[in-house]
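# Observations on chain architecture
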Amino acid sequence: MTVTVDRSVEEFTAAPRQLFINGQWTTAASGKTFDTPNPATGQTLARIAEGDAADIDKAVGAARRAFDDGPWGRLTPSERGRIIWRIGDLILEHAEELAQLESLDNGKPYPVALAADIPLSADMFHYMAGWATKIEGNTIDISVPYMPGANFHTYTLREPVGVVGQIIPWNFPLLMAAWKLAPALTTGNTVVLKPAEQTPLTALKLAELIAAAGVPDGVVNVVTGFGETAGAALAAHPHVDKVAFTGSTEVGKLIVQAAAGNLKKVSLELGGKSPNIVFEDASPAAVEGAANAIFFNHGQCCVAGSRLFVQEGRFDEVVEGVAQIARSIRLGPGMESGTQMGPLVSDEQLRRVTGYLESGLADGATAVTGGTRHGDQGYFVEPTVLTNTRPDMKVVREEIFGPVVVAAPFSSIDDIAAAANDTDYGLGAGIWTQDISKAHALAKKIRAGSVWINCYNVFDASLPFGGYKQSGWGREMGHEVLEAYTEVKAVTTLL
Ligand code: ADP
């Protein structure tokens with residue numbers, strides 16, 4: 001049985017979707033469009049305007065004017081906060097519609113989008129709305145040794161960075177837009193957002209809600225299009241003051257190079273190859289926890305617990321338990337009732353993930369379960385557990401971004417920290433044990449931005465999120481994100 005698609009969703013996908021620039025819906029300057037497929041079938045879901053450098057330039061111009069001259073900067077923090085809160089309310093009011101669009105465009109099960117992506121996105125705006133009235137500077141009593149006897153009144157102002165370019169991925173399309181837009185707006189910036197070409201629909205729907213919430217024209221602009229054209233133009237644009245990017249480490253490095261032209265500020269949330277560590281004394285819940293850590297969102301999570309380490313005495317039991325869960329997962333279209341795992345987002349991802357599976361098996365790994373594509377329609381991959389891997393294999397070192405976990409045994413707490421940290425990445429980690437002192441001792445040794453103890457994939461708007469090493473620069477969410485979207489000005493008065 002299939003979840004019935006709302007008429008508003010049918011209408012939204014039936015009409016060609018346009019760019020949102022300066023509060024207006026507009027076709028791309030080139031007149032070009034591209035198709036976004038439904039990943040469960042491979043068939044066209046909607047037609048989207050293909051923005052490129054010319055459209056990015058227009059959108060940056062609109063964001064610049066909105067920042068320099070528009071009403072946005074003249075609103076009181078309280079007025080700004082109320083508008084941002086209203087965006088969160090509107091997301092909840094349109095929850096079903098947004099969840100359906102997300103499921104159709106990304107492939108994730110509709111109930112998951114409705115229970116997780118949509119409320120988390122609303123929460124992000126609600127949480128950030130409160131910060132609008134709490135952005136503060138300091139007064140500082142300065143000494144200035146070369147001006148003896150002088151008295152000063154000195155303070156800092158925390159100000160918006162200006163025009164922000166935001167480039168987001170396809171794994172949590174609405175949520176990534178919320179993580180980016182909410183803090184940028186709270187701190188008074190204006191934005192050009194480029195959604196992923198695979199999943200543009202909910203960002204476009206969000207633009208409608210943002211306008212309805214009362215955000216003035218030009219403050220939020222959404223330009224759909226491809227990474228190499230629209231994305232690259234945004235990252236390189238000389239009138240953009242900051243670029244915030246979530247995506248692959250490979251593209252993150254290109255963003256840094258593009259940003260060098262005008263030395264715009266950069267924040268990056270990149271890939272991961274996160275260790276999930278199960279000790280012998282872990283509760284039975286660790287098995288389901290380990291499965292959830294890798295299989296949630298089809299493994300298309302930058303924090304996916306893709307390297308499972310199990311202490312020797314329980315290795316066989318935990319691996320078999322995770323494999324049994326993998327075998328029982330019901331694959332199907334995201335909009336079909338009972339589906340537990342949908343397709344991967346695109347044909348490209350299907351080829352990428354199956355390529356890794358072939359490489360792992362050719363290198364000598366064993367597939368305890370899975371190991372191949374599922375079916376011949378849509379982009380489905382079987383949830384896979386690989387053992388007999390070596391630390392130098394590609395499947396162990398590189399981010400697969402699919403439902404594939406590599407499992408290896410370890411003997412003691414002394415060697416597990418080194419094994420867990422033996423990666424270029426440092427985004428997430430999981431620790432499963434009933435000895436809480438051991439858990440905290442290990443948490444301290446792990447070089448990653450998020451460590452979960454006896455849980456995994458727990459996110460909250462108030463918790464900072466980001467990476468060590470090649471997993472990124474800066475933090476999203478929590479009050480830490482405010483630093484990424486503000487400049488600090490020191491004002492000194494000689495009395
Ligand atoms: P993935 O490989 O998982 O699709 P990417 O890092 O390629 O992830 O994509 C994340 C986002 O970055 C998308 O919005 C994509 O369009 C954009 N992007 C891809 N290449 C570039 C680039 N060279 N410059 C700017 N943005 C890019």
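Before reading on, note that the structure itself is shown above.
Residues numbered from 1 in each chain as written. Predicted model: local features only at pLDDT ≥ 70, side-chain atom pairs only at ≥ 80, totals over all residues. Heavy atoms only, no water.

Strand order in the open sheet formed by seven strands is S13-S14-S15-S12-S11-S16-S17, and the pairing between neighbours is mixed. The open sheet has two edge strands with one neighbour each: strand S13 (366-369) and strand S17 (450-453). Strand-to-strand twist in this sheet, taken as the mean axis angle between neighbours without regard to direction, amounts to 25 degrees. The strands touched by helix H15 (residues 436-445) are strand S11 (275-278), strand S16 (428-432) and S17; relative to S17, the strand with the most contacts, the crossing angle is about 170 degrees. (Pairing = 2+ DSSP bridges. Helix = DSSP H or I, 4+ residues; strand = E, 2+ residues; numbered from the N terminus. Axes fitted to C-alpha atoms, helices over the stretch in contact; angles between N-to-C directions. Contact = heavy atoms within 4.5 Å.)

Mapped onto the elements of the fold, Thr186 is located in helix H6 (residues 173-186). If near-sequence neighbours (up to four positions away) are discounted, Thr186 is found in contact with Arg80, Ile84, Met128, Ala129, Trp131, Ala132, Ile135 and Leu482.

A few words on the pattern of salt bridges. With the rule as written, the count across this model stands at 17 salt bridges. As a salt-bridge pair, Glu159 and Lys489 come within 3.1 Å of each other at their nearest N and O atoms. In this pair, Glu159 sits in strand S5 (residues 152-160) while Lys489 sits in strand S19 (residues 486-494), placing the two residues 330 residues apart along the sequence. The class of Lys489 is partly exposed, set by a relative accessible area of 39%. A single salt-bridge network, built from bridges that share partners, covers Arg64, Asp68 and Asp241. (Salt bridge = Lys/Arg side-chain N within 4 Å of Asp/Glu carboxyl O. Buried < 20%, exposed > 50% of the residue type's maximum accessible area, 1.4 Å probe, protein only.)

On to the site of the ligand. Among the 18 residues in the neighbourhood of the ligand, the closest are listed as Ile168, Trp170, Lys194, Glu197 and Ser248. One of the backbone N or O atoms of Ile168 is found 2.8 Å from an oxygen atom in the ligand. Taking Ala232, its main chain carries an N or O atom lying 3.5 Å from a nitrogen atom of the ligand. Computed on the free molecule, the ligand has an accessible area of 550 Å², of which 86% lies beneath the protein chains in the complex. Elements that contribute at least two residues to the shell around the ligand include exactly helix H8 (227-236), strand S9 (242-246) and helix H9 (249-259). Of the residues belonging to the shell around the ligand, the class tally is 10 nonpolar, six polar and two charged. (Near = heavy atom within 4 Å. Polar contact = N/O pair within 3.5 Å; in protein donor to acceptor, adjacent residues only side chain to side chain. Areas by Shrake-Rupley, 256 points an atom, 1.4 Å probe, with all protein chains shown as cover. Nonpolar A, V, L, I, M, F, W, Y, C, P; charged D, E, K, R; others polar.)

This part covers the packing of helix H10 (residues 285-295) against helix H11 (residues 315-328). Here H10 crosses H11 at 55 degrees, and the two axes come no closer than 9 Å. In terms of orientation, H10 and H11 fall into the oblique class. The element H10 and its partner H11 pack so that their crossing is right-handed. Here Val287, Glu288, Ala290, Ala291 and Phe295 of H10 lie close against H11, whose contacting residues are Glu317, Val318, Gly321, Val322, Ile325 and Ala326. (Parallel < 35°, antiparallel > 145°, perpendicular 65-115°, else oblique. Left-handed = near helix turned anticlockwise from the far one by under 90°.)

Another aspect to go through is unusual backbone geometry. Notably, Leu263 is not glycine yet its phi reads approximately 50 degrees, a positive angle. Following the sequence through the fold, Leu263 ends up in the loop between H9 and strand S10 (265-269). By relative accessible area, Leu263 is classed as exposed at 67%. The phi angle at Asn457 is positive, at roughly 55 degrees, despite the residue not being glycine.

Quick look at the side chain of Lys180 now. Relative to the assigned elements, Lys180 resides in helix H6. Of the residues examined, Lys180 reaches a relative accessible area of 1% and is grouped as buried. At 2.6 Å, the side chain of Lys180 and the side chain of Thr246 are in polar contact. With near-sequence residues (within four places) excluded, Lys180 lies in contact with Gln166, Ile167, Ile168, Ala244, Phe245, Thr246, Glu476 and Tyr485.

At a minimum axis separation of 8 Å, helix H3 (residues 77-93) and helix H5 (residues 110-131) run at an interaxial angle of 165 degrees. When the axis of H3 is compared with that of H5, the two are roughly antiparallel. Between H3 and H5 the crossing geometry is left-handed. Facing Gly81, Ile84, Trp85, Ile87, Gly88, Asp89, Ile91 and Leu92 of H3, the residues of H5 in contact are Ile118, Pro119, Ser121, Ala122, Phe125, His126 and Ala129.

Before going further, it helps to examine a nonpolar patch on the surface. Together, Tyr146, Met147 and Leu494 make up an exposed nonpolar region whose accessible area comes to about 360 Å². With respect to the secondary-structure elements, Met147 resides in the loop between H5 and S5. On the basis of relative accessibility, which here comes to 32%, the residue Met147 falls in the partly exposed class. (Patch = residues over 30% accessible without salt bridge, like charges linked within 9 Å, V, L, I, M, F, W, Y side chains within 5 Å.)

Structural measurements only, silent on function.
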